[in-house]
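Read off the chains here:
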Amino acid sequence: MRGVYWAQMPRFASLNFFGHERPLPSWYWTGETRMACLRDAIKGSLTNAYAHHIQRLMVTGNFALLAGVHPDEVDQWYLGIYIDALEWVEITNTRGMSQFADGGIVGTKPYVSSGAYLNKMGHHCGSCYYKVSERTGERACPFNSLYWHFLARNRARLEAPDARPGLMARMAMPFRIWDGMASHAREELLTKGEELLKRIEEL
Ligand code: SF4
């Protein structure tokens, strides 16, 4: 990470591969969300100035990437709240590994997941307001539709001929699953994702 920092800065600090523009939801500064995994990771981070790597990468970072938050805002949050956030290690992990805003200088693919992975890796789903097993219902886990919404809206970038070598191969499986879904199921997921993004402050 230190090598990437010295080789790539200051250009690295303005990379935004997906062109994300959304502001960071205000509940990142309070932890007041009904999503139990995010609430715990954010409140713990704000209290302790520390979070486990998986919480940073697959909970707070995952959600910010799925939601299309501007990487500047994600960087400012990580840099501001973590005790170990020196810029050379923070920006490479956040903008590179977590947000894939560097297009694959650090990581080999975007680290995104639906709720199933979070359920496997953590213990919050059982007590969450949202249902991890549901994709489009009223109380469906937001990670589920946002995961597919992210992949669908960024497909052209992820499959572009000039993308990082090997990226298309690494993304082939989720796109195969997406292509194999019935068209009404894909529509429902996209509609649900849109709806969640419109009321992201209320999640
Ligand atoms: S159901 Fe979804 S939002 Fe709730 S804890 Fe599980 S992964 Fe997080």
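Thresholds, definitions, all that
Residues numbered from 1 in each chain as written. Predicted model: local features only at pLDDT ≥ 70, side-chain atom pairs only at ≥ 80, totals over all residues. Helix = DSSP H or I, 4+ residues; strand = E, 2+ residues; numbered from the N terminus. Rg over C-alpha atoms; globule rule 2.2 N^0.38 Å. Buried ≥ 20, exposed ≤ 12 C-beta atoms within 10 Å, placed from the backbone. Contact = placed C-beta atoms within 7 Å. Arc of directions from axis to C-beta. Near = placed C-beta within 6 Å. Nonpolar A, V, L, I, M, F, W, Y, C, P; charged D, E, K, R; others polar. Axes fitted to C-alpha atoms, helices over the stretch in contact; angles between N-to-C directions. Parallel < 35°, antiparallel > 145°, perpendicular 65-115°, else oblique. Core = buried A, V, L, I, M, F, W, Y, C linked by C-beta atoms within 7 Å.

Draft legend 1. Representation of the overall build of the protein chain in the model. For the protein chain, the helix and strand inventory stands at 11 helices and zero strands. For the protein chain, the N- to C-terminal ordering of α and β elements is α-α-α-α-α-α-α-α-α-α-α. Taken against the 2.2 N^0.38 rule, which gives 17 Å for 203 residues, the C-alpha radius of gyration of the protein chain at 16 Å falls within 12% of a compact globule. Seen through its C-alpha atoms, the protein chain measures out along the principal axes to roughly 45 × 45 × 30 Å. Considering the protein chain as a whole, with its 203 residues, one finds that 35% of them fall into the buried category. Within the protein chain, residue pairs in contact and separated by at least 24 positions form 68% of the contacts whose partners lie at least 6 positions apart.

Draft legend 2. Geometry of helix α4 (residues 71–81). Taken residue by residue, α4 has Pro71, Val74, Asp75, Trp77 and Tyr78 as its buried positions. Projection of α4 onto a plane perpendicular to its axis shows the buried side chains occupying an angular sector of 165°, all on one side. Buried residues belonging to α4 abut α3 (53–67) and α5 (87–98).

Draft legend 3. Examining the site of the ligand more closely. Taken together, 14 residues are adjacent to the ligand, and Met35, Cys37, Cys125, Cys128 and Cys141 come closest. The element contributing the most residues to the shell around the ligand is helix α6 (residues 115–121), with three residues. Here the shell around the ligand is built from residues that sort into 11 nonpolar, three polar and no charged.

Draft legend 4. Examining the environment of Ala67 more closely. Tracing the sequence through the fold places Ala67 in helix α3. Counting along the chain gives 47 residues from Ala67 to His20, while the straight-line C-alpha distance between them is 8.7 Å. Dropping the residues within four chain positions of it, Ala67 is found in contact with Arg22, Leu146, Leu197 and Ile200.

Draft legend 5. Structural detail: the packing of helix α7 (residues 142–153) against helix α11 (residues 183–198). In the contact formed by α7 and α11, the axes pass within 8 Å of each other and the chain directions differ by 105°. Taken together, the axis directions place α7 and α11 in an arrangement best described as roughly perpendicular. Across the interface between the two elements, Pro142, Ser145, Leu146, Trp148, His149 and Ala152 of α7 pack against Leu189, Leu190, Lys192, Gly193 and Leu196 of α11. Class assignment for the residues of the contact of α7 with α11 results in seven nonpolar, three polar and one charged.

Draft legend 6. A look at the nonpolar core. Counting residues in each nonpolar core, the largest one holds 36 residues, and the members touching the most others are Leu38, Val59, Leu66, Ala67, Leu146 and Tyr147. At the level of secondary structure, the elements contributing two or more residues to this core comprise α2 (36–48), α3, α4, α7 and α11. In terms of residue count, the dominant contributor to this core is α3 (seven residues).

Keep in mind these values describe shape, not function.
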